[in-house]
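Report on the structure
Residues per chain, in single letters:
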Amino acid sequence: MKTKKEASTILEILRRNYPEATCSLDFESPFQIVIAVMLSAQCTDERVNKTTPLLFKDYGTPEKLAKIDLKKLEEIIHPCGFYKNKAKNALACSQKIVNDYNGIVPNNMKDLMSLPGVGRKSANVIMLEAFHDAQGIAVDTHARRISNKIGFSKENDPEKIEQDLLKQFKKEDWVDVNHLFVWHGRYTCIARNPKCESCPLTSYCNEYKCYRTNLKNLWFFSKFVRVPKLLILLSFSYYSISMSIFEKYWLLNFAYNVFMLYSIYNIKTHIILLKRCM
């Protein structure tokens, strides 16, 4: 984990780089953010924002949505994916809010998490966006990836990652952590193609440091085995794969890269041997 001082410094860097960071979902009431967050699972915020105006035009309150026909709801939210399960949860959630909370979205974590389709991550987002009362840090796919890469947490479980983050950031900073992690993961630390060359956090990122260390080691290694340095660069095209597999085991990661180096270097030899066997 990082020290509180490092965490504070990292947060300041992110604030400077994403001054406009805020929630990307469009909503006008606590109930609407509940539904929007529910629809955003495995779906982009952009797609959700194109779908919710159609839904909220006639069903923007829990009382109205609680009476909607399930098939009609599925048809409206179909573009958001997993529409059958989301429609079932949205309908049940609306009915529970009407029946158990008099049509008012509860403003505490315990009651929010009792609603169908609302887990801890969603409850954190709702508390922050609807009631401006951050009770924790929402760990979505972006927050999880960034926490592991930078070194805020070695855990894979979102709730354990959240507990690690809460220890490193001040409570007054939880609001910014939620937004900044999402924006950094969306625009810079992209899952499939991270923009490390333009990332402002490379000096704090454990994965980037591992990358640089492996590159230096292989470069040094090439001097003794007469491997062209171009092949070392080619071997690092496999780096993202090796890090996803061996991210917690630097020795295996290094060995994997050496193996790929030799594989590339010996392709011609393999082809010759194969021809001889035919």
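Given the structure is predicted, the values throughout are model-derived calculations rather than measurements. (Residues numbered from 1 in each chain as written. Predicted model: local features only at pLDDT ≥ 70, side-chain atom pairs only at ≥ 80, totals over all residues. Heavy atoms only, no water.)

Regarding the layout of surface pockets
Quantified by volume, the largest pocket comes out at close to 930 Å³. Counting residues per element, the lining of the largest pocket draws most heavily on helix α8 (residues 120-131), at six residues. When the residues that make up the lining of the largest pocket are grouped by side-chain class, the tally is twelve nonpolar, 14 polar and seven charged. (1 Å grid on protein atoms, 1.4 Å probe; cavity = no way out; pocket = protein on both sides within 12 Å on 5 of 7 lines; lining within 4 Å. Points joined across faces, edges and corners; volume = space filled by probe spheres on them. Helix = DSSP H or I, 4+ residues; strand = E, 2+ residues; numbered from the N terminus. Nonpolar A, V, L, I, M, F, W, Y, C, P; charged D, E, K, R; others polar.)

Observations concerning the pattern of salt bridges
Following the criterion strictly, the structure yields nine salt bridges and no others. Where Arg15 meets Asp176, a salt bridge forms, and the shortest distance between an N and an O atom there is 2.8 Å. You can see Arg15 sitting in helix α1 (residues 4-17) and its partner Asp176 sitting in helix α11 (residues 174-187), a full 161 residues away along the chain. Salt-bridge contacts for Glu207 lead to Lys149; the nearest nitrogen and oxygen are separated by 2.7 Å. Here Lys149 lies in helix α9 (residues 141-150) and Glu207 lies in helix α12 (residues 206-225), a separation of 58 residues in the sequence. A single salt-bridge network, built from bridges that share partners, covers Glu12, Arg15, Asp173 and Asp176. (Salt bridge = Lys/Arg side-chain N within 4 Å of Asp/Glu carboxyl O.)

Points about the nonpolar core
In this structure, Ile35, Leu55, Leu65 and Leu73 are the most contacted members of the largest nonpolar core, which totals 37 residues. Those elements giving two or more residues to this core turn out to be α2 (30-39), α3 (45-59), α5 (70-77), α6 (83-101), α7 (109-112) and α8. Counting residues per element, this core draws most heavily on α2, at eight residues. Core analysis: the second largest hydrophobic core is formed by 28 residues, Ile10, Leu166, Trp174 and Val182 among them. (Core = buried A, V, L, I, M, F, W, Y, C linked by side-chain atoms within 4.5 Å. Buried < 20%, exposed > 50% of the residue type's maximum accessible area, 1.4 Å probe, protein only.)

Remarks on the environment of Glu74
Within the secondary structure, Glu74 sits in helix α5. For Glu74 and Lys84, which are ten residues apart along the polypeptide, the C-alpha to C-alpha distance reads 5.9 Å.

Observations regarding the packing of α1 against α11
When two helices pack together, their arrangement is given by the angle between their axes and by how far apart the axes lie. With their axes 10 Å apart at the nearest point, α1 and α11 run at an angle of 65° to one another. In this structure, α1 meets α11 at a crossing whose hand is left-handed. Contact residues: α1 offers Leu11, Leu14 and Arg15, while α11 offers Asp176, Val177, Leu180, Phe181 and His184. Residue composition of the contact of α1 with α11, by class: five nonpolar, one polar and two charged. (Axes fitted to C-alpha atoms, helices over the stretch in contact; angles between N-to-C directions. Left-handed = near helix turned anticlockwise from the far one by under 90°. Contact = heavy atoms within 4.5 Å.)

As for α2
Most of α2 is tucked away, with nine of its ten residues classed as buried. Those residues of α2 lying buried are Phe31, Gln32, Ile33, Val34, Ile35, Ala36, Val37, Met38 and Leu39.

Describing unusual backbone geometry
Here Gln42, not a glycine, exhibits a phi torsion of approximately 55°, which is positive. Structurally, the position occupied by Gln42 is in the loop between α2 and α3. With relative accessibility at 71%, the residue Gln42 sits in the exposed group. In this model, Asn102 sits at a positive phi of 55°, which is unusual for a non-glycine residue. Looking at the secondary structure, you find Asn102 in the loop between α6 and α7. Of the residues examined, Asn102 reaches a relative accessible area of 67% and is grouped as exposed.

Brief notes about the packing of aromatic side chains
Enumeration according to the criterion identifies four aromatic pairs in this entry. Each ring, one from Phe152 and one from Phe169, has its centre 5.2 Å from the other, and the planes form 50°; the classification is tilted. Here Phe152 is found in the loop between α9 and α10 (158-168), whereas its partner Phe169 is found in the loop between α10 and α11, with 17 residues between them in sequence. For Phe169, a relative accessible area of 5% translates into the label buried. Here the aromatic cluster, defined as three or more aromatic residues joined through ring pairs, consists of Phe152, Phe169 and Phe181. (Phe/Tyr/Trp six-rings, centres within 6.5 Å; stacked < 30°, edge-to-face > 60°.)

Focus: the packing of α2 against α8
Look at α2 against α8: their axes get within 10 Å of each other, and the N-to-C directions meet at 145°. Between α2 and α8 lies a crossing whose hand is right-handed. Contact with α2, carried on its side by Pro30, Ile33, Val34 and Val37, involves Ser122, Val125, Ile126, Glu129, Ala130 and Phe131 of α8 and no other residues of that element. Residue classes in the contact of α2 with α8 are distributed as eight nonpolar, one polar and one charged.

Here we look at α1
One turn of an α-helix holds 3.6 residues; hence residues three or four places apart share an orientation. Here α1 is 14 residues long and its end C-alpha atoms lie 20 Å apart, about the 20 Å a rise of 1.5 Å per residue gives. Check the buried side of α1 and you find it contacts α9, α10 and α11. (Expected span 1.5 Å × (residues − 1).)

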